[in-house]
Amino acid sequence: MDEIFSRNELYWGEEFQEYLKGLKIAVFGLGGVGGFALDALARAGVGHFLIVDFDNVSTSNINRQLIALHSTVGRKKTEVFKERLSDINPEILVQIYDGFFAENVQDKVFSGKFAPDTQNGKGADFIVDAIDTVKSKVELLKYAKDNNIQAVSSFGAGNRMDAAKLFVSDISKIKENGGGGDSFTKNVIHKLKKYANIEEGLTVVSSSEKPHNERKIKVQEHIEDADGLSVEFTKFTPASTPAVPAVAGYLMADYILKTCYNQFFNKK
């Protein structure tokens, strides 16, 4: 297996590569953003993932999602990704929560069979938040803060086509970087402040590009998962182009790897 990561080791060495093998990263949302973040982290050598998504692959995913192919349409995203990750690294450990993340299932997601030992002794060493529903996003980020789990969150990959205008910043610096003008980001920021007391200390990937959508599509979603959780919500379907979600996902993975790299070598 060492040959798989030999080029990584030429940059950061064998000790850090071994450290990555012991990390557990939880990825919430396996769409365009989360899927590319997950794939990059697996290729870096992270050895353990918890992947969370309730959805199946659809034909409308094919323009931007890594696992979306005509051969995978109709299959659970979690199952397809588990196969893909094992094909990248046969030694990888992948745990699935095939359901909708909400406050009433968070302990189940992060404990018991879903969370063996981690580097930090918690349910995950790092969280990738690529959730696109406001309530679940806020609940996840509140859980991360309350449990002192590092997280990086996706803000604003939809309704954009200029990947060069994506940026990484603290949530408190979004406006300084020209972002935060869209209704989704405004709503998330407002609710994070109101319900989770989060105004700073959260790293986000956002965009300074003005969002654009040729037409509004409003749909009523109804979800029932394996735990019997029934959720109904109204969703405005965003425009989505191929490059922006992928780059946003790679920026999230890049941030995690650089953060872990700096923490590892600062400890030595």
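Shown above is the structure to which this text applies.
These figures come from a predicted structure and were not determined experimentally.

1. Observations concerning the overall build of the protein chain
Part 1 of the reasoning: When helices and strands are tallied, the protein chain shows seven helices and nine strands.
Part 2 of the reasoning: Radius of gyration (C-alpha) of the protein chain: 18 Å, near the 18 Å computed for a compact globule of 268 residues.
Part 3 of the reasoning: Residues classed as buried in the protein chain amount to 49% of the 268 residues present.
Part 4 of the reasoning: Within the protein chain, contacts between residues separated by at least 24 positions form 70% of all contacts whose residues are at least 6 apart in sequence.
Part 5 of the reasoning: When the accessible surface of the protein chain is totalled, it reaches about 13,500 Å², and 49% of it is carbon and sulfur.

2. Describing the pattern of salt bridges
Part 1 of the reasoning: This structure, assessed with the given rule, holds 13 salt bridges.
Part 2 of the reasoning: For R160, the salt bridge is made with D182, and the minimal N-O distance between the two is 3.1 Å. Residue R160 is located in the loop between β5 (150–154) and β6 (166–170), and its partner D182 is located in the loop between β6 and α6 (183–196); the two are separated by 22 residues in the primary sequence.
Part 3 of the reasoning: A relative accessible area of 4% places R160 in the buried class.
Part 4 of the reasoning: For E199, the salt bridge goes to K193, with nearest N and O atoms at 3.8 Å.
Part 5 of the reasoning: On the basis of relative accessibility, which here comes to 45%, the residue E199 falls in the partly exposed class.
Part 6 of the reasoning: Within this structure, D39, R43 and R84 form a network of salt bridges that share partners.

3. Concerning the packing of aromatic side chains
Part 1 of the reasoning: On inspection of all chains with the given rule, the structure shows 15 aromatic pairs.
Part 2 of the reasoning: Measuring from centroid to centroid gives 5.2 Å for W12 and F16, while their planes differ by 75 degrees, and the two rings are edge-to-face. Of the two residues, W12 and F16 are both situated in helix α1 (residues 6–21); the distance of four residues between them amounts to about one turn of the helix. Of the two residues, W12 and F16, neither departs from the other in class, the shared state being buried.
Part 3 of the reasoning: Their ring planes at 90 degrees and their centres at 5.0 Å tell us that F264 and F265 sit as a pair that is edge-to-face.
Part 4 of the reasoning: For F265, a relative accessible area of 31% puts it in the partly exposed group.
Part 5 of the reasoning: A network of ring pairs unites the aromatic residues Y11, W12, F16, Y19, Y261, F264 and F265 as a single cluster.

4. Considerations on the environment of N56
Part 1 of the reasoning: Position of N56 among the secondary structure elements: in the loop between β2 (48–52) and α3 (77–88).
Part 2 of the reasoning: Residue classification places N56 among the partly exposed residues on the basis of a relative accessible area of 30%.
Part 3 of the reasoning: It is 33 Å that separates the C-alpha atoms of N56 and G201, two residues lying 145 residues apart in sequence.
Part 4 of the reasoning: Ignoring anything within four residues of it in the chain, the contact list for N56 reads N61, G74, R75, K76 and K77.

5. What to know about the packing of helix α5 (residues 134–146) against α6
Part 1 of the reasoning: Direction vectors running N to C along α5 and α6 enclose 45 degrees, while the axes themselves pass 10 Å from each other. With respect to α6, the element α5 is oriented oblique. The hand of the α5/α6 crossing is right-handed. Residues V134, K137, V138, L141, K142 and K145 of α5 form the contact with α6, whose participating residues are F184, N187, V188, K191, L192, Y195 and A196.
Part 2 of the reasoning: Broken down by class, the residue content of the contact of α5 with α6 amounts to eight nonpolar, one polar and four charged.

6. Here we look at a negative patch on the surface
Part 1 of the reasoning: On the surface, D2, E3, E14 and E18 cluster together into a negatively charged patch.
Part 2 of the reasoning: Inspection of the secondary structure puts E3 in the segment before α1.

7. Points about the nonpolar core
One broad trend across soluble globular proteins is that nonpolar side chains are buried collectively.
Part 1 of the reasoning: Within the largest apolar cluster, 42 residues are counted, with the highest numbers of intra-cluster contacts made by I25, L41 and F49.
Part 2 of the reasoning: Among the elements of the structure, α1, β1 (24–28), α2 (32–44), β2, α3, β4 (126–129) and α7 (243–267) are those that each provide at least two residues to this core.
Part 3 of the reasoning: Sort the elements by how many residues they give to this core and α7 lands first, with eight residues.
Part 4 of the reasoning: With residues up to four places along the chain from it excluded, the contact list for I25 reads L41, V46, H48, F49, L50, F126, V128 and I256.

8. Observations regarding the side chain of D125
Part 1 of the reasoning: For D125, the position within the fold is in the loop between α4 (106–109) and β4.
Part 2 of the reasoning: For the buried D125, which has no salt bridge, the nearest side chain bearing the opposite charge is K24, at an N-O separation of 8.1 Å.
Part 3 of the reasoning: Of the polar contacts made by the side chain of D125, one reaches the backbone nitrogen of K24; its length is 2.8 Å.
Part 4 of the reasoning: Once you skip the residues sitting within four places of it in the chain, D125 turns out to touch G22, L23, K24, T118, Q119, N120, I149 and Q150.

So, how was this worked out
Throughout, a residue's number is its position along its own chain's written sequence, starting from 1. Local features in this predicted model are restricted to residues of pLDDT 70 or higher, and side-chain atom pairs are both shown and tallied only at a pLDDT of 80 or more, whereas totals for entire chains, interfaces and linings draw on every residue. For the side-chain quantities, the full set of heavy atoms in the structure was used; hydrogens and water were omitted. Numbering goes from the N terminus for both helices and strands, where a helix is a DSSP run of H or I of at least four residues and a strand is a run of E of at least two. Throughout, radius of gyration means the C-alpha value; the globule benchmark is 2.2 Å times the number of residues raised to the power 0.38. Burial here depends on accessible area, computed with a 1.4 Å probe over protein chains only, as a share of the maximum for the residue type. Under 20% is buried, over 50% is exposed, and the range in between is partly exposed. The contact criterion used is simple: two residues touch if any of their non-hydrogen atoms lie within 4.5 Å. Residue exposure ignores everything except the shown protein chains as possible cover, and the areas themselves are Shrake-Rupley values with a 1.4 Å probe. When a carboxyl oxygen of Asp or Glu lies within 4 Å of a side-chain nitrogen of Lys or Arg, that pair is called a salt bridge. Any two rings among Phe, Tyr and Trp, with Trp reduced to its six-membered ring, count as a pair given centres within 6.5 Å; such a pair is stacked if its planes are under 30 degrees apart, edge-to-face if over 60, and tilted if neither. Under this scheme, a helix contributes an axis fitted over its contacting stretch, all axes are lines through C-alpha atoms, and angles between N-to-C directions fall in the 0 to 180 degree range. Note on terminology: angles under 35 degrees are roughly parallel, angles over 145 are roughly antiparallel, angles of 65 to 115 are roughly perpendicular, and the others are oblique. Two helices that cross are described as forming a left-handed crossing if the nearer one is turned anticlockwise from the farther one by less than a right angle, and a right-handed crossing if clockwise. Under the scheme applied, nonpolar residues are Ala, Val, Leu, Ile, Met, Phe, Trp, Tyr, Cys and Pro; charged residues are Asp, Glu, Lys and Arg; polar residues are all the others, including Gly. Each patch is built from residues lacking any salt bridge and having more than 30% relative accessible area; the joining distance is 9 Å for like charges and 5 Å for nonpolar side chains (Val, Leu, Ile, Met, Phe, Trp, Tyr). Only four residue types enter the charge count: Lys and Arg as positive, Asp and Glu as negative, with His and the chain ends excluded. A single reference atom marks each charge: NZ on Lys, CZ on Arg, CG on Asp, CD on Glu. Throughout this description, the term nonpolar core refers to a set of buried Ala, Val, Leu, Ile, Met, Phe, Trp, Tyr and Cys residues connected via side-chain atoms within 4.5 Å. Definition of a polar contact: a pair of N or O atoms within 3.5 Å, with one able to donate and the other able to accept a hydrogen when the atoms are protein atoms, and with sequence-neighbouring residues admitted only if both atoms are side-chain atoms.

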